[in-house]
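Per-entry structural report
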Amino acid sequence: MKYISTRGGVAPQTFEQVLLTGLAPDGGLFVPESLPRFSRAEIASWRELTYPELALKIVSPFVAGEIPAEDLKQIIFDSYAAFADPEVAPLRRLEEGEYILELFHGPTLAFKDFALQVLGRLLDYVLKKKDQRVVILGATSGDTGSAALAGCRHSDHVDIFILHPYQRVSDVQRKQMTTVPGDNVFNLAVEGNFDDCQRIVKAAFADQSFLPDSRQLVAVNSINWARIVMQIVYYFSAALRLGGPEQKISFSVPTGNFGDIYAGYLAKHMGLPVDRLVVATNTNDILHRFIANNDYSISALSKTFSPSMDILVSSNFERYLFDLFDRDAAKLNEFMAKFGKETLQVSAEQWQRVKDEFDSSTVNDDQTCAVIAEVYDTHGVLLDPHTAVGLKCARDCWADKRVPMVTLSTAHPAKFGEAIKQAGLESPSLPEHLADLFEREERYTVVANDLNAVTDFIKSNI
Ligand SMILES: *Cc1c(COP(=O)(O)O)cnc(C)c1O
């Protein structure tokens, strides 16, 4: 399998090359030259597989021959052995046809563990083989940072720098990052918002001359293709347990950078019978405005109870746009060059295709709290605010009740106590392995919202 850039300016790359970078050198994102397709019969034959066995089936074609099957199997099996639920991604039924897919049983209590547990082991495997040392640099709106640290910090071959927006992540999220020990671990609190962090990271990747020659930056954000691949698996897993592939399934996905729902889109185009894909947004609703109104324009950032979705520009959306422009990199370049300067629209025909592919809705903080309270009262289930946004949007968009609707539950409620309290409920306690989180010592450095402040810090700490 070879990978190409959405901006069309890079020769096809191997999985290993794509794993060890971030954005493509031309500023685009890597996507596979073509997607593997599975027949219904093949998908049906996977019904009895465990989660790691299923993951191996789905991921193997993307790695195609670059990592021996036995080694890949070991990496995947080790990654999911650390999950607290034996099913890894259990489904919970709320109402007839209405399900929650619990993706928060990994070490850091958010779905990001699904990809980053594997990514950390993949990096370690490849870097060991090449006897190479790299610098991991990532921006986080909260959950990526802790999952990246948990997944990658054990490697002797990496130094990790994670940027988070100063005072804009939840206490639990911050503590989960800043209490991670290790002299290869650095947390930077940037005096700005998440998009500022993301911009600094992008700029550092674009010009890596501040690093010594032997080093390069590796991305752990969802622009890293390996992350996306691992997220395709749970769409198959959920569908198989609900009668797929004979039965179609719909999914609602709390969306920020569009990585998670993009994985669902890929699952569908790899042969999984998916009916609707709901892009669930909070009041940072650029994607909803695009899907509902053909209006792709930046608005002001609002701070919500679902901070991991407080994102102005969803980086992975470019991967979908590339397909929407029939993989014409020149057209995509033209579109992206205008982005941020004017309100962008796609053609009527393209917009129809967008609407055929996705539904969307937007949910504010009051509605989020109302859903949390209502689901707790009715079912005794405590939702985190991101999941609550997802469920509300699922209900807004669920037209065909014969098709099961699965909302991805992206985080454990204990990570977001503030929203739970606002919903009038008692904030749940953290699972046992994190029970002493608030007693652990924190380490982080506050830095200016400035590229050089960040690159100087990296330079003097590797
Ligand atoms: C990262 C995250 C999201 C958004 O996922 P994207 O892949 O960025 O769209 C939603 N909910 C939670 C809890 C997250 O951590």
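What counts and how
Residues numbered from 1 in each chain as written. Predicted model: local features only at pLDDT ≥ 70, side-chain atom pairs only at ≥ 80, totals over all residues. Heavy atoms only, no water. Helix = DSSP H or I, 4+ residues; strand = E, 2+ residues; numbered from the N terminus. Rg over C-alpha atoms; globule rule 2.2 N^0.38 Å. Buried < 20%, exposed > 50% of the residue type's maximum accessible area, 1.4 Å probe, protein only. Areas by Shrake-Rupley, 256 points an atom, 1.4 Å probe, with all protein chains shown as cover. Lys, Arg positive; Asp, Glu negative; His and termini not counted. Charge placed at Lys NZ, Arg CZ, Asp CG, Glu CD. Pairing = 2+ DSSP bridges. Right-handed = clockwise from strand over helix to strand, strands pointing away. Axes fitted to C-alpha atoms, helices over the stretch in contact; angles between N-to-C directions. Near = heavy atom within 4 Å. Polar contact = N/O pair within 3.5 Å; in protein donor to acceptor, adjacent residues only side chain to side chain. Nonpolar A, V, L, I, M, F, W, Y, C, P; charged D, E, K, R; others polar. Domains from an automatic or database assignment. Salt bridge = Lys/Arg side-chain N within 4 Å of Asp/Glu carboxyl O. Expected span 1.5 Å × (residues − 1). Bend = angle between axes of the 7 residues up to and from the residue. Contact = heavy atoms within 4.5 Å. Buried area = accessible area lost by both parts, 1.4 Å probe.

To continue, consider the overall build of the chain. Of regular secondary structure, the chain possesses 18 helices and 13 strands. Against the 2.2 N^0.38 benchmark of 23 Å for 462 residues, the chain shows a C-alpha radius of gyration of 21 Å, consistent with a compact globule. Across its three principal axes, the chain shows a C-alpha extent of roughly 60 × 50 × 50 Å. Within the chain, buried positions represent 63% of all 462 residues. By element, 47% of the accessible surface of the chain is carried by carbon and sulfur atoms, the whole surface being about 17,400 Å². A distance of 3 Å separates the average location of the 45 positive side-chain charges in the chain from that of its 61 negative side-chain charges.

Looking now at the pairing of strand S9 (residues 249–254). Buried residues dominate S9, accounting for six of its six residues. Along S9, one buried face is formed by Ile249, Phe251 and Val253 and the opposite face, lined by Ser250, Ser252 and Pro254, is buried too. When S9 meets strand S10 (residues 274–281), the two strands line up parallel, connected through five bridges. Within the sheet, the bridge partner assigned to Ser252 lies in S10 and is Val278. Since S9 and S10 lie parallel, the crossover through helix H10 (residues 259–269) that links them has a hand, and here it is right-handed.

On to the sheet that holds S9, then. Across the sheet, which stays open at both edges, the six strands sit in the order S3-S4-S12-S9-S10-S11 with mixed pairing between neighbours. What marks the edges here is a single partner per strand, and that holds for strand S3 (91–95) and strand S11 (358–362). Each neighbouring strand pair of the sheet contributes to a mean axis angle of 25°, computed without reference to strand direction. Examined bridge by bridge, S10 and S11 share five bridges and lie parallel to one another. Paired with Thr281 across the strands is Thr362, a residue of S11.

This part covers the site of the ligand. If you check the shell around the ligand, you find 15 residues, and the closest are Lys112, Asp143, Gly256, Asn257 and Asp260. In this structure, an oxygen atom belonging to the ligand sits 2.7 Å away from a main-chain N or O atom of Gly256. In the model, an oxygen atom of the ligand is placed 2.9 Å from a nitrogen or oxygen of the Phe258 main chain. Relative to its unbound accessible area of 380 Å², the ligand is 97% covered by the protein chains. Of the residues contributing to the shell around the ligand, the split by class is five nonpolar, seven polar and three charged. Mapping the shell around the ligand onto the domain boundaries places at least three of its residues in each of domain 1 (3–77 + 111–226 + 440–460) and domain 2 (86–109 + 229–422).

Here the focus is the pattern of salt bridges. Following the criterion strictly, the structure yields 29 salt bridges and no others. Between Arg133 and Asp159 there is a salt bridge; the shortest N-O distance is 3.0 Å. Of this pair, Arg133 sits in the loop between helix H5 (112–130) and strand S5 (134–139) while Asp159 sits in strand S6 (residues 158–165), and the two are 26 residues apart along the sequence. Across the pair Glu442 and Arg174 runs a salt bridge, and its minimum N-O distance is 2.8 Å. One end of the pair, Glu442, is in the loop between helix H17 (417–422) and strand S13 (445–447); the other, Arg174, is in helix H7 (residues 171–178), with 268 residues separating them in the sequence. A relative accessible area of 19% means that Arg174 is categorised as buried.

Attention now moves to helix H3 (residues 51–63). An α-helix turns once per 3.6 residues; consequently, residues spaced three or four apart project the same way. End to end, H3 covers 18 Å across 13 residues, agreeing with the expected 18 Å (1.5 Å per residue, within 8%). Of all the bends found along H3, the most pronounced is centred on Lys57 and spans about 30°, while Pro61, a proline, follows it within four residues. Within H3, burial applies to Tyr51, Pro52, Leu54, Ala55, Leu56, Ile58, Val59, Phe62 and Val63. Looking at the buried positions of H3, the neighbouring elements they touch are strand S1 (3–5), helix H1 (15–19), strand S2 (30–32), helix H4 (69–81), H5 and helix H9 (225–241).

Next up on the list: unusual backbone geometry. In this structure, Pro245 follows Gly244 across a cis peptide bond, with omega equal to 5°. Mapped onto the secondary structure, Pro245 falls in the loop between H9 and S9. With a phi close to 50°, Asp326 is a non-glycine residue in the positive phi region. Take Asp326: it is sitting in the loop between helix H12 (317–324) and helix H13 (329–338). Take Asp326: its relative accessible area is 58%, and that puts it in the exposed class. The phi dihedral of Arg327 falls on the positive side, at around 60°, and the residue is not glycine.

Domain annotation of the chain identifies domain 1 (3–77 + 111–226 + 440–460) and domain 2 (86–109 + 229–422). If you look at the interface, domain 1 gives 52 residues, while domain 2 gives 52 residues. Carbon and sulfur atoms supply 61% of the area buried between domain 1 and domain 2, which totals about 4,900 Å² over both sides. Area buried by domain 1 at its contact with domain 2 is led by Arg7, Tyr51 and Phe111, which between them contribute 16% of it. Between the two partners, domain 1 and domain 2, sit three salt bridges. In this structure, Arg7 and Glu318 form a salt bridge, with 2.7 Å as the shortest nitrogen-oxygen distance. Counting the contacts that link domain 1 with domain 2 gives 28 residue pairs in polar contact (both at pLDDT 80 or more). Broken down by element, the residue count for the side of domain 1 that touches domain 2 peaks at six residues, all from H3.

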